[in-house]
Amino acid sequence: MTITITAFEQSPDRGQGLSRDVRVRWALEEVGQPYDVRLVSFKAMKEPAHLALHPFGQIPTYEEGGLVLFESGAIVLHIAERHPGLLPEDADARARAIAWMFAAVNTIEPPILELVTAKLLEGDKPWAAERLPLVKDRIRGRLEQLVTRLGDAEWLDGAFSAGDLMMVAVLLRLKPSRLLDEFPSLTAYAARGTARPAYQRAFAAQLAVNAATLSR
Ligand code: GTB
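Here's a quick rundown of the structure. Numbers given to residues run from 1 along each chain, matching the order in which its sequence is written. Local features are withheld for residues below a pLDDT of 70 in this predicted model, meaning they are given only at 70 or higher, and side-chain atom pairs are given and counted only at 80 or more; totals for whole chains, interfaces and linings count all residues. Note that the side-chain values use all heavy atoms of the structure and ignore hydrogens as well as water.

## Points about the layout of surface pockets
- Cavities and pockets are found on a 1 Å grid laid over the protein atoms alone: a cavity is a set of points where a 1.4 Å probe fits but cannot escape, a pocket is an open set with protein on both sides within 12 Å along at least five of seven lines, and a lining residue has an atom within 4 Å of such a point. Grid points are joined across faces, edges and corners, and a volume is the space filled by probe spheres set on the points. Size it by volume and the largest pocket reaches roughly 1100 Å³.
- In terms of lining, the largest pocket is formed by 38 residues, of which the most central are Leu-18, Ser-19, Arg-20, Leu-113 and Arg-173.
- Helix and strand assignments come from DSSP, with helices taken as H or I runs of at least 4 residues and strands as E runs of at least 2, each series counted from the N terminus. Listed by contribution, the elements that provide at least two residues to the lining of the largest pocket are α2 (42-45), α4 (72-82) and α5 (91-120).

This is the structure in structure tokens:
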């Protein structure tokens with residue numbers, strides 16, 4: 001059955017790979033599933049046809065036969081559950097890998113999103129300069145805890161899993177702020193993730209879209 005995902009027709013990051021279709025592309029590449037991409041504009045995202053797929057008018061979405069999914073975490077979990085390669089066979093290890101997926105989107109990503117909001121949407125407020133260091137320190141606190149847990153390990157819990165895929169994808173959102181540079185072990189962890197051939201293919205695919213639309 002054909003898999004179709006949606007992505008930005010033109011990503012605001014101009015192809016740096018920070019939008020959330022990349023984690024879905026990466027998961028599909030890891031498990032060797034071909035997929036089609038439907039590109040959507042910001043305007044089209046808010047129109048009924050797309051809202052029928054995504055109640056919040058965002059990307060990414062995932063369509064496969066009669067199944068329609070939204071939420072990048074749910075999509076990656078679906079891919080990981082349907083195809084071998086991203087979740088361990090052992091039931092307990094599988095549950096722990098899924099816990100890391102939730103940790104990525106529910107514990108690590110929220111303070112990172114707060115930083116994006118603080119900079120892009122609140123940067124002109126009179127209190128912005130006072131708030132920004134607090135937001136950054138909340139991220140540092142979480143990253144310190146992640147450093148402690150990762151230790152010298154290559155991945156978060158045994159072999160590379162969907163938990164690492166989500167965690168690396170979330171950490172990459174710190175690229176523009178350079179905050180990740182303060183944590184060499186996490187920088188190395190993220191680099192191990194992005195060095196994977198599947199990530200490289202996913203990144204190149206989204207870059208090709210943005211390069212094409214930018215040159216028009
Ligand atoms: N929780 C949802 C998920 O994980 O799928 C969040 C989906 C989401 O935020 N999608 C964003 C979107 O569609 C794109 S990824 N935004 C349009 C809208 O809400 O109208 C977020 C994103 C956007 C831009 C950059 N960037 O430019 O660097 C990075 C990430």
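Structure's up, so let's keep going.
## A closer look at the sheet that holds strand β1 (residues 3-8)
- A strand pair is defined by DSSP finding two or more bridges across the two strands. The strand order across the open sheet built from four strands is β2-β1-β3-β4, with neighbouring strands paired in mixed fashion. Of all the strands in the sheet, just β2 (36-40) and β4 (67-70) have a single pairing partner and so form its edges. Within the sheet, the average angular offset between the axes of one strand and its neighbour, ignoring direction, is 20°.
- Relative to β4, strand β3 (residues 61-64) runs antiparallel, the two being bridged by four bridges. Bridging across to β4, Thr-61 finds its partner in Phe-70.
- Contacts between helix α1 (residues 21-30) and the sheet are confined to β1, β2 and β3, with β1 contributing the most and set at about 150° to the helix.
- Residues are treated as being in contact if the distance between any of their heavy atoms lies within 4.5 Å. Lines fitted to the C-alpha atoms define the axes, with helices restricted to the stretch that makes contact. Angles between their N-to-C directions range from 0 to 180 degrees. On the sheet, α4 packs against β3 and β4 and is oriented at approximately 130° with respect to β4.

## Thoughts on the pairing of β1
- Buried means the residue's accessible area, taken with a 1.4 Å probe over protein chains only, is under 20% of the maximum for its type, while exposed means over 50%, and partly exposed covers the values in between. Most of β1 sits out of view: six of its six residues are buried.
- Pairing geometry for β1 and β3, over three bridges, is antiparallel. Note that in β3 the partner of Ile-3 across the bridge is Glu-64.
- One ladder, built from five bridges, connects β1 with β2; its direction is parallel. Residue pairing in the sheet places Ala-7 in a bridge with Leu-39 of β2.
- Between β1 and its parallel partner β2, the chain crosses via α1, and the hand of that crossover is right-handed. Call a crossover right-handed when, viewed with both strands pointing away from you, the route from the first strand across the helix to the second goes clockwise.

## Some remarks on empty space enclosed by the protein
- On inspection of all chains with the given rule, the structure shows three cavities of 30 Å³ or more.
- Taken as a whole, the largest cavity holds about 70 Å³ of empty space.
- If you trace the largest cavity, you find it lined by Gly-17, Leu-18, Ser-19, Arg-20, Val-22, Arg-23, Ala-169, Leu-172, Arg-173 and Tyr-199.
- Under the scheme applied here, ten amino acids are nonpolar (Ala, Val, Leu, Ile, Met, Phe, Trp, Tyr, Cys and Pro), four are charged (Asp, Glu, Lys and Arg), and all others, including Gly, are polar. Of the residues that constitute the lining of the largest cavity, the class distribution is five nonpolar, two polar and three charged.

## Focus: the pattern of salt bridges
- Salt bridges are counted wherever a side-chain nitrogen of Lys or Arg sits within 4 Å of a carboxyl oxygen of Asp or Glu. Under the definition given, this model contains 15 salt bridges.
- Put simply, Arg-178 and Asp-181 hold a salt bridge, and the shortest N to O gap is 3.3 Å.
- You can call Asp-181 partly exposed: its relative accessible area is 44%.
- Each of the salt bridges in this network shares a partner with another, and the network as a whole consists of Glu-114, Glu-122, Arg-131 and Arg-138.

## Quick notes on unusual backbone geometry
- At the junction of Ile-59 and Pro-60, the peptide bond is cis and its omega measures out at 5° in the coordinates.
- Mapping Pro-60 onto the fold places it in the loop between α3 (48-51) and β3.
- The backbone phi angle of Arg-14 is positive, close to 55°, even though this residue is not glycine.
- Even without being glycine, Arg-178 reaches a positive phi, approximately 65°.
- In this fold, Arg-178 is placed in the loop between α7 (162-172) and α8 (184-194).

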